[in-house]
Amino acid sequence: MRRPAIPWRSRRFWLVAALCLLLCLLLAAGGLLALRGDWRYRLSLRLRRYPPPELTVLSAEGMTARPLDELLADPRVTVSAELLLVNGSHPVPDGFSPDLTDEGGCPMLPAALEAFRRMNNAVREQTGTRLYVLSGWRSAAEQEQEWLSGGEQLAARPGYSEHQTGMALDVCVLGYGGMSFLKTDAGRWVNNRCGEYSFIIRYPDGKSEETGMSYEPWHLRYVGAPHAQLMMESGLTLEAYLELLTPDTLFRSGEYVILRTAAQTVPTPDSFSSCSVSDDNCGYRIFTFQLCEG
Ligand SMILES: [Zn+2]
């Protein structure tokens, strides 16, 4: 007599079971992603493909070579520190002492405060929520306290923190700080749009090998225009962006001309409305000329 077939011994049974399991897993993952805006956002970050930055190399023809001293004395020129690189191998320069202003008990650089206010107004308009600054400038002693309580993964060593420059801000939405900042519309908005307001997400997802820090969606760094937008639109860290600015090469981006140089004579566009000069903490100065319209 023929023995009845046992279903779990058949190949078809296991195939159907595996397919059902896969379907359940996909449904569960889909359900979780639908519920968790922060996970959905991080997945979209991982899948995002970035175009190269909109920088074109420019010839110095027609520009005037001006001695550095003379250029720095030009009333249209401002000395800033917006592109100062501070990381595990580039400490805050000795004697660096920023002129600070205060935002509700959080000191920061006036230019960073102004940019932050503009961005916060936009966040409020677009998402109905406002941002709060949890931490701005920190003294070396305060940074040491952070470092001792948080450890290397959460805070940089004293002397190696951007917070000591007055250009870094840790922001949150009421009740949503740290990684949960991304659970809010405002948090995701800031992570997508801060480049338009002269800020970058200084420690982006998946770039810890370049920055030395894991993803911090709450830590903003003021770098000025057009640099912030160029970095955010092309997914570049500050480290990678500075690497891209070949010394003594003129770059044009929209209404800006950018030059990174250690030279004492600077090719200068004939008609510029303003120029910001920033030390990069790597041995160069970066000149950002804003050209006159028309
Ligand atoms: Zn921070």
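**Let's talk about the domain arrangement of the protein**
- In terms of domains, the protein is made up of domain 1 (8-49), domain 2 (55-83 + 243-294) and domain 3 (92-222).
- Each of domain 2 and domain 3 has a C-alpha centre, and these two points are 27 Å apart.
- Contact with domain 2, which involves four residues of that partner, is made by five residues of domain 3.
- Counting each side, the surface lost to burial between domain 2 and domain 3 is near 340 Å², with a carbon and sulfur contribution of 55%.
- Taken as a group, Ala81, Glu82 and Asn281 account for 95% of the area that domain 2 buries against domain 3, more than any other trio of residues on that side.
- Viewed at the interface, domain 3 and domain 2 are joined by one residue pair in polar contact (both at pLDDT 80 or more).

**What to know about a nonpolar patch on the surface**
- A grouping of Leu15, Leu19, Leu22 and Leu26 is seen on the molecular surface, where their side chains present a nonpolar patch of about 430 Å² in accessible area.
- Residue placement: leucine 15 occurs in helix α1 (residues 11-35).

**Focus on the coordination of the zinc ion**
- Looking at the metal site, the zinc ion is ligated by His163 (NE2), Asp170 (OD), Asp170 (OD) and His219 (ND1), spaced 2.1 to 2.7 Å from it.
- One chain supplies every donor for the zinc ion, spaced along it as H-x6-D-x48-H. Within this pair, whereas aspartate 170 is found in strand β7 (residues 168-173), its partner histidine 219 is found in strand β9 (residues 219-222), the two being separated by 49 residues in sequence.
- According to the relative accessible area criterion, aspartate 170 is buried, its value standing at 9%.

**Notes on helix α2 (residues 37-47)**
- Among the residues of α2, Gly37, Asp38, Tyr41 and Leu45 are the ones counted as buried. Along α2, the residues classed as buried sweep out an arc of 100° about the axis, all on the same side. Set apart from the buried face of α2 by more than 90 degrees, the exposed residues are Arg46 and Leu47.

Cut-off values and rules
Residues numbered from 1 in each chain as written. Predicted model: local features only at pLDDT ≥ 70, side-chain atom pairs only at ≥ 80, totals over all residues. Heavy atoms only, no water. Domains from an automatic or database assignment. Contact = heavy atoms within 4.5 Å. Buried area = accessible area lost by both parts, 1.4 Å probe. Polar contact = N/O pair within 3.5 Å; in protein donor to acceptor, adjacent residues only side chain to side chain. Patch = residues over 30% accessible without salt bridge, like charges linked within 9 Å, V, L, I, M, F, W, Y side chains within 5 Å. Areas by Shrake-Rupley, 256 points an atom, 1.4 Å probe, with all protein chains shown as cover. Salt bridge = Lys/Arg side-chain N within 4 Å of Asp/Glu carboxyl O. Helix = DSSP H or I, 4+ residues; strand = E, 2+ residues; numbered from the N terminus. Donors = N, O, S within 2.8 Å, 3.2 Å for Na, K, Ca; no water. Buried < 20%, exposed > 50% of the residue type's maximum accessible area, 1.4 Å probe, protein only. Arc of directions from axis to C-beta.

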